[in-house]
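The primary structure of each chain is shown beneath.
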Amino acid sequence: MDIPRIFNITESAHRIHNPITPEKLATLGAVLRLESGDRVLDLGSGSGEMLCTWARDHGIIGTGIDLSPLFTEQARRRAVELGVAHQVTFIHGDAVGYVSDEKVSLAACVGATWIGGGVAGTIELLARSLRPGGIILIGEPCWRQLPPTEEVTKGCLVDSVSEFLTLPELLGSFGRRGYDVVEMVLADQDGWDRYEAAKWLTMRRWLEANPHDELAKEVRAKLTSEPERYAAYTREYLGWGVFALMPRWCVL
Ligand code: SAH
């Protein structure tokens, strides 16, 4: 059970597999007012940076599930490195349909909402693990500027403009699904650079070490085209944020 190998290659050196920076991840942990002993579930936990740093900084107890054996192993190593291995558990597996045995204070899916078949389905899935009064965390792209043409949409590696909303539309959509947006931390272009540009040095080094690999041609082509494509499209048009939600039914 694994994700397509290309991601394990291009993102092998990432601690955070998203445009959010370590500083913003720390801000997010602080603004959520986490308390020591709070349980956190993270679907698509990647290399575990969110759970590990929040375990260190806020004393949370975390469980992460991720389909990539490589990222899961990196998450376990990071937990040991930060001295929180007794607080966090990283499970290698498919998070589709995953509901925790014990209810959690914070149920997160940050940059992997396909796990629930989209934002709506992921909110529903996370809600099944949430204790009353708990918070759902969704990390998702949104349009920074609407692509004016299909060429620009495709340049962002997005099939259709309707795949994402603008920020006001996305915030409104949470409300229409019955959730209050109670916090958010947005990525910026520097954060996108950390996520995207970090892949380039990783690809270059991987190519030097693996010139005869069956994916070498594909990686070579990506390294050639990505900087220009990214700067022209993704960096300009795509935004990204993490949104904290609470069901509306509990207050009025
Ligand atoms: N939340 C992490 C990782 C985001 S990248 C972070 O912010 O760093 C998306 C992650 O989803 C990858 O780690 C990938 O391995 C994982 N993933 C993809 N499909 C999955 C699935 N069906 N179940 C669990 N994890 C999945």
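Here goes a summary of the coordinates provided.

About the cut-offs
- Residue numbering note: each chain is counted from 1, following its sequence as written.
- This being a predicted model, a pLDDT of at least 70 is required before a residue's local features are given, and a value of 80 or more before pairs of side-chain atoms are given or counted; all residues contribute to the totals for chains, interfaces and linings.
- Excluding hydrogens and water, the side-chain figures rest on all heavy atoms present in the structure.
- Throughout, near means a residue has at least one heavy atom within 4 Å of the molecule or strand.
- Any N or O atom pair separated by 3.5 Å or less is treated as a polar contact, with the protein-specific requirement of one donor-capable and one acceptor-capable atom, and with residues adjacent in sequence counted only for side-chain atom pairs.
- In short, Shrake-Rupley with a 1.4 Å probe defines the accessible areas, and a residue's cover is counted only from the protein chains shown.
- Classification convention: Asp, Glu, Lys, Arg as charged; Ala, Val, Leu, Ile, Met, Phe, Trp, Tyr, Cys, Pro as nonpolar; all other residues, Gly among them, as polar.
- To pair, rings of Phe, Tyr and Trp, with the six-membered ring standing in for Trp, must have centres within 6.5 Å; the planes then decide the type, stacked if under 30 degrees apart, edge-to-face if over 60, and tilted in the middle.
- Counting from the N terminus, the helices are the DSSP runs of H or I reaching at least four residues and the strands are the DSSP runs of E reaching at least two.
- For each residue, the accessible area found with a 1.4 Å probe, counting protein chains only, is set against the maximum for its type, and the residue is called buried under 20%, exposed over 50%, and partly exposed in between.
- Two thresholds decide whether a charge sits over a ring: the Lys NZ or Arg CZ must be within 6 Å of the ring centre and within 35 degrees of the ring normal.
- By definition here, a salt bridge exists when the distance from a side-chain nitrogen of Lys or Arg to a carboxyl oxygen of Asp or Glu is within 4 Å.
- Two strands are said to pair when DSSP picks up at least two bridges between them.
- Axis lines are fitted through C-alpha atoms, for helices just across the contact stretch, and the angle between N-to-C directions can take any value from 0 to 180 degrees.
- The contact rule is simple, with two residues in contact once any of their heavy atoms fall within 4.5 Å.

Turning our eyes to something else, we now look at the site of the ligand. Surveying the vicinity of the ligand reveals 20 residues, the closest of which are His 17, Asn 18, Gly 44, Asp 66 and Asp 94. Gly 44 places a polar main-chain atom, nitrogen or oxygen, 2.7 Å from a nitrogen atom of the ligand. About the coverage of the ligand: the protein hides 90% of its 570 Å² of free accessible area. Along the lines of polarity and charge, the residues of the shell around the ligand split into 10 nonpolar, 8 polar and 2 charged.

Below, the discussion takes up the packing of aromatic side chains. Scanning the model with the defined rule gives 4 aromatic pairs in all. Measuring from centroid to centroid gives 5.6 Å for Phe 174 and Phe 243, while their planes differ by 45°, and the two rings are tilted. One end of the pair, Phe 174, is in helix H7 (residues 167–176); the other, Phe 243, is in strand E7 (residues 238–247), and 69 residues separate them in sequence. By relative accessible area, which is 0% here, Phe 243 ends up buried. Geometrically, the ring pair formed by Trp 200 and Tyr 230 is edge-to-face, given 6.0 Å between the ring centres and 70° between the ring planes. Of this pair, Trp 200 sits in helix H8 (residues 189–209) while Tyr 230 sits in helix H9 (residues 216–232), and the two are 30 residues apart along the sequence. On the accessibility criterion, Trp 200 (21% relative accessible area) is partly exposed. The class of Tyr 230 is buried, set by a relative accessible area of 2%. Across from the ring centre of Tyr 195, 4.2 Å away, lies the NZ or CZ of Lys 199, which sits over that ring.

With that out of the way, let us pick up the pattern of salt bridges. One pass over the structure, following the stated rule, counts 15 salt bridges. The partner of Asp 188 in a salt bridge is Lys 24, and the shortest N-O contact between them spans 3.9 Å. Residue Asp 188 is found in the loop between strand E6 (179–186) and H8, and its partner Lys 24 is found in helix H2 (residues 22–31); the two are separated by 164 residues along the sequence. Judged by relative accessible area, which is 33%, Asp 188 ranks as partly exposed. Using a relative accessible area of 23% as the deciding quantity, one classes Lys 24 as partly exposed. Note that Arg 78 and Glu 49 form a salt bridge whose closest N and O atoms lie 2.8 Å from each other. Taken together, the residues span a long stretch of sequence, with Arg 78 in helix H4 (residues 69–81) and Glu 49 in helix H3 (residues 49–58) at a distance of 29 residues. By sharing partners, the salt bridges in this structure join Glu 11, Glu 196 and Lys 199 into a single network.

Buried residues dominate E7, accounting for 9 of its 10 residues. Relative to E7, strand E5 (residues 130–143) is paired through 8 bridges, and the arrangement is antiparallel. Residue pairing in the sheet places Glu 140 in a bridge with Gly 241 of E7. With 7 bridges connecting them, E6 and E7 associate as antiparallel partners.

Now for the sheet that holds strand E3 (residues 88–92). A sheet is described by the order of its strands in space; here 7 strands give the open sequence E3-E2-E1-E4-E5-E7-E6, paired in mixed fashion. The sheet is open, and its two edges are formed by E3 and E6, each paired on a single side. Between one strand axis and the next, the sheet turns through 20° on average, direction left out of account. In this sheet, E3 lies alongside strand E2 (residues 61–66) in parallel orientation, the contact comprising 5 bridges. Across the sheet, the residue bridging to Gly 62 is Val 88, located in E3. The sheet strands contacting H3 are strand E1 (39–43), E2, E3, strand E4 (104–110) and E5, and the helix crosses E3 at an angle near 170°. Taken strand by strand, H4 contacts E2 and E3, and its axis lies near 165° from that of E3.

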